Amino acid sequence: MAITFVIVSPQDQLLYEATFPPVSQTDETAHLREFILFASLDILEQVVWSTRDFYLKAIDRFNDQIIYGLVTASSVRLLLVSDGKSEEAVKNFLQEAYELYVKLALNPFFEPCKPILSTSFHERIQKLGKKYFV
Amino acid sequence: MSSSRASTWNKLGDAAYAKSEKVSADLVALTYGSFVREIIKDFEEPDQVNKELEKLGYNIGIRLIEDFLAKSGISNCSSFEESAEIISRVAFKMFLGIRATVSNWNSEHNSCSIIFDENPLAEYVELPPEYTHSLFYSNLLCGVIRGALEMVQIIVECEFVKDQLRGDDTNEINIRFKEMLQEQVPWNDEE
């Protein structure tokens, strides 16, 4: 099963979604992964108080799917669901994705809490995904 | 342009840069960014926004020239060519911390381009698709050059021809020499 990466706003709106390797829209499991990710948001709320780090490690699992999370200072959530990829790769991916998000947020034309449509951000995330997961 | 003079100017630029007070590049980039956004909000039409940015730069330029001449150690320029070289080698270094190059002289030697690869104003910026073909994000710089030169009696027209934010390989500002203002003798009212 593919890996899905999402960015969720503090108000629980989906801002960005990427899948590695990219899959077609009709992929049945995509809905399932989205469902798993959103279901884990409640658990994330609790986990976030247990550590001082942005990176929260594995926060939830669903069958063989493991959900990893990273919460930024402005409580934007970066979530990733995978089936047993190396923890180290996930950690590095999320941290680098976070750096990309920070860069994106510094763009004066960036609107917080609006879906991320930037093509260059998308390309960079895809590159990052290729580097760690393919 | 002799290379010894070019290197003297480079040194002057470095010295002026070393002496001047520094502020965080992020502060400048983000301030300018929110500034441009406000102007876009106010004027909406990208052409109008370009004009406003230029006007703003002009008002900076007519003041900045004093600071520049006082601190850079440049004495008078003998030609338009020299002025262009000094802008790119000394002024860009002094105020923006980057060095630009002058090229693309036309055959009449009254138009040239200032080219620079790095633009501290446009750090982090990604133009939304609706502006990539209309907005010149750093148009302020054109105004600064025009305003500064006007104060030393050189009338020019300035415009961006290439901008990395639009996907060009570099940033290029075209400067066209218009006229030299003559210092006017006060009108004699005794006759």
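Details of the structure are given in the entry above.
Just so it is clear, the model here is predicted, and its values are computed rather than measured.

Scoring rules and cut-offs
- Residues numbered from 1 in each chain as written.
- Chains lettered and ligands numbered in written order.
- Predicted model: local features only at pLDDT ≥ 70, side-chain atom pairs only at ≥ 80, totals over all residues.
- Heavy atoms only, no water.
- Contact = heavy atoms within 4.5 Å.
- Buried area = accessible area lost by both parts, 1.4 Å probe.
- Salt bridge = Lys/Arg side-chain N within 4 Å of Asp/Glu carboxyl O.
- Polar contact = N/O pair within 3.5 Å; in protein donor to acceptor, adjacent residues only side chain to side chain.
- Nonpolar A, V, L, I, M, F, W, Y, C, P; charged D, E, K, R; others polar.
- Buried < 20%, exposed > 50% of the residue type's maximum accessible area, 1.4 Å probe, protein only.
- Helix = DSSP H or I, 4+ residues; strand = E, 2+ residues; numbered from the N terminus.
- Pairing = 2+ DSSP bridges.
- Axes fitted to C-alpha atoms, helices over the stretch in contact; angles between N-to-C directions.
- Core = buried A, V, L, I, M, F, W, Y, C linked by side-chain atoms within 4.5 Å.
- Phe/Tyr/Trp six-rings, centres within 6.5 Å; stacked < 30°, edge-to-face > 60°.
- Lys NZ or Arg CZ within 6 Å of the ring centre and 35° of its normal.

A.B. asks: Whenever I open this one, the interface of chain B and chain A confuses me. Can you help?
C.D. replies: Interface size is commonly expressed as the accessible area that is lost once the parts come together. Counting from both sides, the interface comprises 14 residues of chain B and, opposite them, 10 residues of chain A. In total, about 950 Å² of surface goes out of reach between chain B and chain A, with carbon and sulfur atoms giving 63% of it. It is B:Arg37, B:Tyr124 and B:Glu126 that lose the most area in chain B upon contact with chain A, and together they represent 65% of the buried surface on that side. Counting the contacts that link chain B with chain A gives 1 salt bridge. Put simply, chain B and chain A have 4 residue pairs in polar contact (both at pLDDT 80 or more) between them. Tallied by class, residues from the side of chain B that touches chain A come to 10 nonpolar, 2 polar and 2 charged.

A.B. asks: Looking at this structure, how should I read the pairing of strand E4 (residues 65–71) of chain A?
C.D. replies: Looking along a regular strand, one sees the side chains alternate between the two faces of the sheet. Residue and element names in this part refer to chain A. Judged by how many residues are buried, E4 sits mostly within the fold: 7 of 7 residues are covered. Burial along E4 is two-sided: the face carrying Gln-65, Ile-67, Gly-69 and Val-71 and the face carrying Ile-66, Tyr-68 and Leu-70 are both buried. Two elements, strand E3 (residues 55–62) and E4, share 5 bridges in a ladder whose sense is antiparallel. Within E4, the residue paired with Asp-60 across the bridge is Ile-67. From the end of E3 to the start of E4, which pair antiparallel, there are 2 residues, and Asn-63 there has a positive phi angle of about 50°. Across 6 bridges, the pairing between E4 and strand E5 (residues 77–82) is antiparallel.

A.B. asks: Can you walk me through the sheet that holds strand E3 (residues 154–162) of chain B in this structure?
C.D. replies: Hydrogen bonds between backbone atoms are what pair the strands of a sheet, whose relative direction is either parallel or antiparallel. All names here are of chain B. The strand order across the open sheet formed by 4 strands is E1-E2-E4-E3, and the pairing between neighbours is antiparallel. Of all strands in the sheet, those bounded by a partner on one side alone are strand E1 (101–103) and E3. Each strand of the sheet is rotated relative to its neighbour by a mean of 30°, with strand direction disregarded. Pairing of E1 with strand E2 (residues 111–116), which is carried by 3 bridges, proceeds in the antiparallel orientation. Each bridged residue has a counterpart across the sheet, and for Val-102 the counterpart in E2 is Ile-114.

A.B. asks: Explanation requested: the sheet that holds E3(A) in the structure shown.
C.D. replies: Residue and element names in this part refer to chain A. Reading across from one edge, E2-E1-E5-E4-E3 is the order of the 5 strands in this open sheet, with antiparallel pairing throughout. The open sheet has two edge strands with one neighbour each: strand E2 (14–20) and E3. The mean angle between the axes of side-by-side strands here comes to 20°, regardless of whether they run parallel or antiparallel.

A.B. asks: Can you walk me through the nonpolar core in this structure?
C.D. replies: One broad trend across soluble globular proteins is that nonpolar side chains are buried collectively. Core analysis: the largest hydrophobic core is formed by 38 residues, its most contacted members being A:Phe109, B:Ile114, B:Phe116, B:Tyr137 and B:Ile145. Counting residues per element, the ones that place at least two in this core are helix H2 (25–43), helix H3 (46–72), helix H4 (80–96), E2, helix H5 (140–151), E3 and strand E4 (171–180) of chain B. Broken down by element, this core gets its largest block of residues, 6 residues, from H5(B). Residues within four places of B:Phe116 in sequence aside, it is in contact with B:Phe92, B:Ile98, B:Ala100, B:Leu141, B:Phe160, B:Thr170, B:Asn171 and B:Ile173. By size, the runner-up hydrophobic cluster in this structure holds 29 residues, among which are A:Tyr16, A:Ile66, A:Leu70 and A:Ile116.

A.B. asks: Would you take a moment to explain the packing of aromatic side chains for this structure?
C.D. replies: Counting across every chain of the model gives 17 aromatic pairs over all chains. Plain terms: the ring middles of A:Phe54 and A:Tyr98 are 5.6 Å apart, the flat faces sit at 85° to each other, and that makes the pair edge-to-face. Here A:Phe54, found in the loop between helix H1 (28–47) and E3, pairs with A:Tyr98, found in helix H2 (residues 87–105); they are 44 residues apart in sequence, far enough to count as distant. On the basis of an interplanar angle of 45° and a centroid distance of 5.1 Å, the ring pair of B:Phe80 and B:Phe177 is categorised as tilted. Of this pair, B:Phe80 sits in helix H4 while B:Phe177 sits in strand E4, and the two are 97 residues apart along the sequence. Take B:Phe80: its relative accessible area is 10%, and that puts it in the buried class. Through successive ring pairs, a cluster of aromatic residues spans A:Phe5, A:Tyr16, A:Phe20, A:Phe93, A:Phe121, A:Tyr132 and A:Phe133. Above the ring of B:Tyr17, the side-chain terminus of B:Lys93 is found at 4.7 Å from the ring centroid.

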